[in-house]
Amino acid sequence: MKKCHIAYLACTAALIGTGLGAAPPVAAHRIHVVHPGESVQKAVDAAQPGDTVLLTYGTYHESVEVSTPGLTLRGVGRGTVLEPEAGASTGTAPSTGTGAAKNGTAGRAAEAATSCAAAGNGICVVGTKDHNVDGVTVASLTVTGFAKTGLYATEADGLTVRRVTAVKNGVWGIATEHSVHGVFRDNTARDNGDAGLFLANTVKEEQGATDTEGTVVEHNRLEGNRIGVTVRRLRNLTLAGNHLTGNCAGVFVVGDENKPKAGFVTVRDNRIERNNKSCPKTARLDALQGSGIVLTGAEDSLVTRNVIKDNVGKSPLSGGIVLFKSFVGTTSERNRISDNLLRGNSPDLVNTDTGKGNTFEGNSCRSSKPAGLC
């Protein structure tokens with residue numbers, strides 16, 4: 001019986017081997033290994049959709065532009081570091097150092113790296129208005145010291161950023177524009193000039209909020225930035241399970257007079273404490289200190305089950321959870337603030353907005369402006 005069973009399996013295997021009913025062969029995805037001193041951009045340009053570019057332990061002095069769908073750019077942890085080439089931290093384009101002509105694969109790689117570096121960014125994930133770059137993953141590495149952004153993406157669909165450490169970049173740690181279906185998980189953004197995580201429709205023109213189609217920001221640590229997370233002119237996005245501390249402000253959900261408004265943002269299960277760093281006034285925003293969560297010019301958003309403690313400051317935006325009319329006068333409407341635990345903020349809840357339909361219910365808190373919100 002046992003012999004017959006083995007013979008049957010062997011016969012079946014032989015039939016499959018001859019191609020009867022066999023699926024067409026699938027091309028294997030390659031892993032391109034890069035070591036310090038070698039060109040990351042060259043490996044990225046050589047990769048095909050679905051390939052992985054693996055950066056080994058060490059420091060890489062370059063910027064990298066990714067436009068290949070399905071590509072994974074991965075390090076081996078925080079010890080894989082991308083920082084500017086000498087002379088590039090001010091946003092000036094570095095020399096390619098290769099003497100390659102600006103044509104062919106080498107030329108395109110040099111141009112891509114120079115373009116990303118000239119804009120002051122470390123890693124750029126770039127699609128076009130006509131064709132998003134789909135399914136890119138960036139993981140397990142550090143980006144630090146870039147004049148503008150550690151990791152920047154535009155026109156990206158399904159971008160995943162996980163276990164990336166973005167430290168001491170001039171403006172944003174990790175930033176996206178014109179992108180949908182993003183996942184930002186288990187990252188650290190620390191001591192960046194503006195937001196640790198900055199998610200926007202666009203920063204170069206006026207237009208209504210765009211739908212992210214379910215972007216998720218979860219389990220990130222955001223510390224020592226001007227703002228931990230900024231969600232600007234976006235809809236349909238979730239911030240969950242993040243830890244925000246030591247920033248001037250924890251979370252900003254920002255809208256304006258354009259239509260549709262920013263909104264349908266869920267902020268839940270985050271720990272937001274001691275965001276008491278002091279940041280001066282800018283052309284667009286008042287001085288910041290001691291802000292936990294701020295909603296301004298937003299609608300139909302939910303802020304729930306957050307733990308918000310000891311956010312103290314003297315800014316007009318100070319407080320645990322703050323509803324504030326936008327700086328162009330647009331009100332916030334139909335936002336629900338429920339079931340949050342607030343302690344030691346000054347005050348815990350703030351509503352200086354005149355919009356309709358905003359509700360405060362089930363929150364555990366001790367102080368509010370105006371009185372009676374707790």
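Rules and cut-offs
- Residues numbered from 1 in each chain as written.
- Predicted model: local features only at pLDDT ≥ 70, side-chain atom pairs only at ≥ 80, totals over all residues.
- Heavy atoms only, no water.
- Core = buried A, V, L, I, M, F, W, Y, C linked by side-chain atoms within 4.5 Å.
- Buried < 20%, exposed > 50% of the residue type's maximum accessible area, 1.4 Å probe, protein only.
- Contact = heavy atoms within 4.5 Å.
- Helix = DSSP H or I, 4+ residues; strand = E, 2+ residues; numbered from the N terminus.

Things to note about the nonpolar core
No. 1: Residues V53, L55, L73 and I293 are the most contacted members of the largest nonpolar core, which totals 59 residues.
No. 2: Those residues within four positions of V53 in sequence are excluded, and the remaining contacts are H32, V34, A43, V44, A47, L71, T72, L73 and R74.
No. 3: Listed in part, the 12 residues of the second largest apolar core include F252, C279, L288 and L317.

Details of the side chain of T215
No. 1: Inspection of the secondary structure assignment puts T215 in strand β17 (residues 210–218).
No. 2: Given a relative accessible area of 5%, T215 falls into the buried group.

Some thoughts on unusual backbone geometry
No. 1: A cis amide bond, omega -15°, links S346 with the succeeding residue P347.
No. 2: Take P347: it is sitting in the loop between β31 (341–343) and β32 (349–351).
No. 3: A cis amide bond links K369 to the next residue, P370, at an omega of -5°.
No. 4: Positionally, P370 belongs in the segment after β34 (368–369).
No. 5: Notably, H178 is not glycine yet its phi reads approximately 50°, a positive angle.
No. 6: Within the secondary structure layout, H178 lies in the loop between β13 (172–177) and β14 (183–185).
No. 7: One non-glycine residue, D310, lies in positive phi territory at about 60°.

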